[in-house]
Amino acid sequence: MRKLAAFLVLLLVLLAVLDRVAVTGVQREIATRATAKYDLATPPEVTILGIPFLTQAVAGRYDEVKVAAGAMNLAGVELSSVDFTLYGVTAPLEDLVLHADQVDIRAQRVAGVVVVSLKTLNQRAPRGIKVAVDGDGLDVTGEITVLGRKVPAKAKMKIELIEDGVRFVPEQVTLGGGIPVPQPERFISYRIPIKNLPFNLKVTGVKIVPQGLQVSGEASDVPLHG
């Protein structure tokens, strides 16, 4: 009886080790495919959630996969962090092992967030304007040039989603120096393109975070093969 119990313990240990070895291999394969498909600078960090992993592998479906791609340059826009969660990823373990170059890895749904850093927000702002995070909003201060004269200005920024990015529109503009300026917001407004997101995400929302501007998006039926 003791020998049987010892054998069962050993079997469980071996299965646990195999489970972790297998999950490491699949995580690496998904990272490689995502890197090739979306031309990422470095392979992302991939984490498959759920234990036991082999149960998911046999079924060929992984309920939740987290992908952290780190910093990225997207169409000239510097992103300080890029994070995604893939739901319902289909990729049979046997196909990954025997036909890694042909297997169709696909996610039923992808939800992700990217962060446009405060540094990037300032680099994209009109000359002479400085952007700062204030709680859950953005403040701008600086100088605008009107008819060759510099006028101190400050304002709150409203963020609008547009077709291919986000637009920053000033509200409550306050001018210094007593110089009247018609429609001063036109000197402070600007936009940042947000397009061609990895996994073909469609932008669904934006919000201010301490690091800058967080952009969220979703996509469905997303291929991960190269």
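As shown above, the structure is provided for reference.
Residues numbered from 1 in each chain as written. Predicted model: local features only at pLDDT ≥ 70, side-chain atom pairs only at ≥ 80, totals over all residues. Heavy atoms only, no water.

Trainee: If you had to explain the overall build of the protein to someone new, which residues and values would you point to?
Mentor: Counting secondary structure elements, the protein contains 4 helices and 12 strands. Of all 226 residues assigned to the protein, the portion counted as buried reaches 38%. For the protein, the computed accessible surface area is about 12800 Å², with 55% contributed by carbon and sulfur atoms. (Helix = DSSP H or I, 4+ residues; strand = E, 2+ residues; numbered from the N terminus. Buried < 20%, exposed > 50% of the residue type's maximum accessible area, 1.4 Å probe, protein only. Areas by Shrake-Rupley, 256 points an atom, 1.4 Å probe, with all protein chains shown as cover.)

Trainee: How would you explain the sheet that holds strand β6 (residues 129-134) if you had to name every residue and give the values?
Mentor: With antiparallel pairing, the 5 strands of this open sheet are ordered in space as β6-β7-β8-β9-β10. Here the strands that pair on one side only, and so sit at the sheet edges, are β6 and β10 (190-193). Strand-to-strand twist across the sheet, computed as the mean angle between neighbouring axes with direction ignored, equals 30°. Sheet topology places strand β9 (residues 165-175) next to β10; 4 bridges connect them, and they run antiparallel. (Pairing = 2+ DSSP bridges. Axes fitted to C-alpha atoms, helices over the stretch in contact; angles between N-to-C directions.)

Trainee: Account for the pattern of salt bridges, with residues named and values stated.
Mentor: Counted under the stated rule, the structure contains 9 salt bridges. Lys156 is paired through a salt bridge with Asp134; the nearest N and O atoms lie 2.9 Å apart. Placement of Lys156 in strand β8 (residues 149-162) and of Asp134 in strand β6 is noted, with a sequence separation of 22 residues between them. A salt bridge links Glu160 to Arg167, with the shortest nitrogen-to-oxygen separation between them at 3.0 Å. Arg167 sits in the partly exposed class, given a relative accessible area of 37%. Because the salt bridges share partners, they merge into one network encompassing Lys158, Glu160, Arg167 and Glu171. (Salt bridge = Lys/Arg side-chain N within 4 Å of Asp/Glu carboxyl O.)

Trainee: Let's hear about the environment of Gln27: which residues, and what values?
Mentor: Summarising the element assignment, Gln27 is placed in helix α1 (residues 2-38). In this structure Gln27 comes out as buried when scored by relative accessible area, which is 17%. Distance in space between the C-alpha atoms of Gln27 and Glu45 is 8.2 Å, their sequence separation being 18 residues. Ignoring sequence-local partners within four residues, the contact set of Gln27 consists of Val46, Thr47 and Ile48. (Contact = heavy atoms within 4.5 Å.)

Trainee: Give me the lowdown on the side chain of Thr120, citing residues and values where you can.
Mentor: Topologically, Thr120 is positioned in helix α4 (residues 118-124). Thr120 gets classed as buried once you look at its relative accessible area, which sits at 3%. Ignoring anything within four residues of it in the chain, the contact list for Thr120 reads Val77 and Glu78.

Trainee: Quick one: what's the story with the environment of Asp134, residue by residue and with numbers?
Mentor: Residue Asp134 is classed as partly exposed on the basis of its relative accessible area, which comes to 39%. Separated by 75 residues in the primary sequence, Asp134 and Val209 have C-alpha atoms spaced 9.3 Å apart. Aside from chain neighbours lying at most four places away, what touches Asp134 is Asp139 and Lys156. Of note is the side chain of Asp134, whose polar atom sits 2.9 Å from the side chain of Lys156. (Polar contact = N/O pair within 3.5 Å; in protein donor to acceptor, adjacent residues only side chain to side chain.)

Trainee: Before we move on, could you go through the pairing of strand β5 (residues 106-117) and cite the residues and values that matter?
Mentor: The two faces of a sheet get side chains in turn, since along a regular strand they alternate between them. Pairing of strand β4 (residues 77-90) with β5, which is carried by 10 bridges, proceeds in the antiparallel orientation. Opposite Phe84, over in β5, you have Gly112 as the bridge partner.

Trainee: So what's going on with the side chain of Thr85? Which residues, and what values?
Mentor: Position of Thr85 relative to the elements: it lies in strand β4. Only 3.3 Å separates the side chain of Thr85 from the side chain of Lys66, close enough to count as a polar contact. Setting aside residues up to four positions removed in sequence, Thr85 forms contacts with Glu64, Val65, Lys66, Arg109, Val110 and Ala111.

Trainee: Which residues make up the pairing of strand β12 (residues 212-223), and what are the values?
Mentor: Two elements, β5 and β12, share 11 bridges in a ladder whose sense is antiparallel. Across the sheet, Ala107 pairs through a bridge with Val222, a residue of β12. Taken together, the 7 bridges between strand β11 (residues 202-209) and β12 define a ladder with antiparallel strand orientation. Along β12, the bridge assignment pairs Val206 with Val215.

Trainee: So what's going on with unusual backbone geometry? Which residues, and what values?
Mentor: The phi dihedral of Gln172 falls on the positive side, at around 55°, and the residue is not glycine. Counting through the fold element by element, Gln172 comes out in strand β9. Assessed through its relative accessible area of 64%, Gln172 is described here as exposed. The phi dihedral of Asp221 falls on the positive side, at around 50°, and the residue is not glycine. Positionally, Asp221 belongs in strand β12.

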